[in-house]
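Structure assessment
So the chains spell out like this:
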Amino acid sequence: MIPTAVVSASLDIANVVLLLAALSFLGLGQKAPAPELGADTARALSQLLSQWWVPGIPGIAVLVLSLIANLGGDAIRNLIPVRR
Amino acid sequence: MLAFLTRRAAAAVVILLTLSLVIFVLQAVSPGDPARAYVGANASPEMVAAERQRLGLNDPFFTRYFHFLGGVFTGDLGRSLRTRQSVVSDIATYLPATAELVVTAFLIALVLAALYALSGALRWPGAALGRGVLLLLAAAPPFLLALIGIIVFFGQLGWLPARGVGDFEDPGPFGMQALDTLLHGQPDAFVNALAHLALPAVVLSIAPAVAIGRVFRSSLRAVLDVDYVRTARSKGLTEFQVVAHHVVRNGIGPALSMGGLQLGFMFAGVVVVEQVFSWPGIGNYLAASIPVADFPAIAGVTLVLGAIYVVSNVVVDLLQAVADPRVTAE
């Protein structure tokens, strides 16, 4: 039971990261002085076509974070034998 | 079949009642004051108090809740505090554009998911590379995909528009630009509407495509190992015939249920995509309603999305019985 829950939770981290980034992109996260990757992207949208890296880099950071969480979840799943 | 539908309908009612109760509790504990939002920031305390009385906000919690439920059953979701229109007519205005976007994205997702799973089963060259690319894209936040799409296809190449549903007047009757212009035989407007659909629909389709594709792929792999597939191969069938006639139908069940789940999720995930592409749909409506605590609009949209989610899952259960006669819809 516990291994299944650990695997499921570790794979869910990526989903939570993406959900949180989406909410903060919509302006529903922490208020402005607090650093939030989604909000950083949303604030810099006007520079999208001139300086893409300003809104782009925070988004790429979210991508890296969720990719690591996904790979880590897969690794944990391979380490722990789960009965199906 | 009838018993199954009755039971699922009853379950749907319970789910939606619970959902509406949760929304109501959230509203009761949230800091925003709808009356203040309605009369504006400069209103006097007396005006706010009068507005609270008029909106029924001073009533006890359950009185308000049952009042709201009574409205739901008579097709009245109240009046939006932001647009000052009835929420039902607002939703009727915005839902078709969202439905067109989500359905288009879902069809793209199904094609991508089938490619994801079948390319491996049929041992196409480059299958692993294609899978890797899709997995990488699915790990990206949707707004990043949308921004990359806009930079490349709008900013650099100039092939696709990045905002709105189309440059032509929608001739009706559905409020879906591509479908309406097709029905009216307006090829220019139809192509224009498809071009506007392309970027948001592809962006929206990536995550569900991978979710469905992964499930489909693993169930195909399981079916590829069973005895009747070995028999089919030893009869001399080509690998394509084996997969098309013997493997897909037996392996599609889990992918179908995942598809139903994802279709429901897409109606929720559409908010970010609609925001980035200025798509005049229900997601944009919801995103505009939340910051101003427009409670009737939020509750109405949530209920409608919940109902769509429940119905799409029932439809999938029925489809599963069609695909695999061993699954009876019971």
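The structure contained in this document is the topic of the report that follows. (Residues numbered from 1 in each chain as written. Chains lettered and ligands numbered in written order. Predicted model: local features only at pLDDT ≥ 70, side-chain atom pairs only at ≥ 80, totals over all residues.)

1. Concerning the overall build of chain A
Along its length, chain A carries three helices and zero strands. For chain A, the C-alpha radius of gyration of 16 Å lies well beyond 12 Å, the compact-globule estimate for 84 residues. Counting only C-alpha atoms and orienting by the principal axes, one finds that chain A spans roughly 50 × 25 × 20 Å. Every one of the 84 residues in chain A was classed for burial, and the buried ones make up 27%. Pairs at least 24 apart in sequence give 48% of the contacts found in chain A among residues at least 6 apart. (Helix = DSSP H or I, 4+ residues; strand = E, 2+ residues; numbered from the N terminus. Rg over C-alpha atoms; globule rule 2.2 N^0.38 Å. Buried ≥ 20, exposed ≤ 12 C-beta atoms within 10 Å, placed from the backbone. Contact = placed C-beta atoms within 7 Å.)

2. Examining the interface of chain A and chain B
Facing the 21 residues of chain A at the interface are 16 residues of chain B. Elements supplying a minimum of two residues to the side of chain A that touches chain B: α1 (2–25) and α3 (53–79) of chain A. Top element by residues in the side of chain A that touches chain B is α3(A). It accounts for nine residues.

3. Brief notes about the environment of B:N58
Residues and elements named next belong to chain B. Mapped onto the elements, N58 comes out in the loop between α3 (45–55) and α4 (61–73). Since 12 C-beta atoms lie within 10 Å of it, N58 is described here as exposed. N58 sits 244 residues away from T302 along the chain, and the two C-alpha atoms are 24 Å apart. Apart from the residues lying within four places of it in its own chain, the contact partners of N58 are R52 and Q53.

4. Quick notes on the environment of B:L256
All names here are of chain B. Along the chain, the position of L256 falls in helix α12 (residues 253–276). Taking C-alpha positions, L256 is 6.4 Å from V316, a pair spaced 60 residues apart along the chain. L256 has contacts with V316, L319, Q320 and A323, leaving out every residue within four places of it along the chain.

5. Some words on α12(B)
Residue and element names in this part refer to chain B. For α12, with 24 residues, the first-to-last C-alpha span of 34 Å sits near the 34 Å given by 1.5 Å per residue. At G269, α12 shows its maximal bend, which comes to roughly 40°. Remark: S278 follows α12 within two positions and exhibits a positive phi of approximately 50°. (Expected span 1.5 Å × (residues − 1). Bend = angle between axes of the 7 residues up to and from the residue.)

6. Side note on unusual backbone geometry
Peptide bonds are mostly trans, and most non-glycine residues show a negative phi. Residues and elements named next belong to chain B. Unusually for a residue other than glycine, R84 sits at a positive phi of about 65°. Mapped onto the secondary structure, R84 falls in the loop between α4 and α5 (87–121). Phi at S278 is positive, roughly 50°, even though this residue is not glycine. Note on placement: S278 falls in the loop between α12 and α13 (282–289).

7. So, the nonpolar core
Formed by 91 residues in total, the largest nonpolar core has its most connected members in B:L101, B:A105, B:A109, B:A113, B:A146, B:A209 and B:V273. Excluding residues within four positions of it along the chain, B:V273 makes contact with B:P142, B:A146, B:P200, B:V203, B:L204 and B:W279. (Core = buried A, V, L, I, M, F, W, Y, C linked by C-beta atoms within 7 Å.)

8. Quick notes on the packing of helix α10 (residues 227–234) of chain B against helix α11 (residues 239–251) of chain B
Residue and element names in this part refer to chain B. Between α10 and α11, the shortest axis-to-axis distance is 10 Å and the interhelical angle comes to 150°. When the axis of α10 is compared with that of α11, the two are roughly antiparallel. The hand of the α10/α11 crossing is right-handed. Along its contact with α10, which presents Y228, V229, A232 and R233, the element α11 presents V242, H246 and V247. Considering only residue class, the contact of α10 with α11 consists of five nonpolar, one polar and one charged. (Axes fitted to C-alpha atoms, helices over the stretch in contact; angles between N-to-C directions. Parallel < 35°, antiparallel > 145°, perpendicular 65-115°, else oblique. Left-handed = near helix turned anticlockwise from the far one by under 90°. Nonpolar A, V, L, I, M, F, W, Y, C, P; charged D, E, K, R; others polar.)

9. Regarding the environment of B:I282
Residue and element names in this part refer to chain B. Positionally, I282 belongs in helix α13. We classify I282 as buried; it has 29 C-beta atoms within 10 Å. When the C-alpha atoms of I282 and R131 are compared, they prove to be 32 Å apart, with 151 residues separating the residues in sequence. Apart from residues lying up to four places away in sequence, I282 is in contact with I91, Y94, L95, T98 and V301.

Everything listed here is a matter of coordinates, which is why it stays silent on function.
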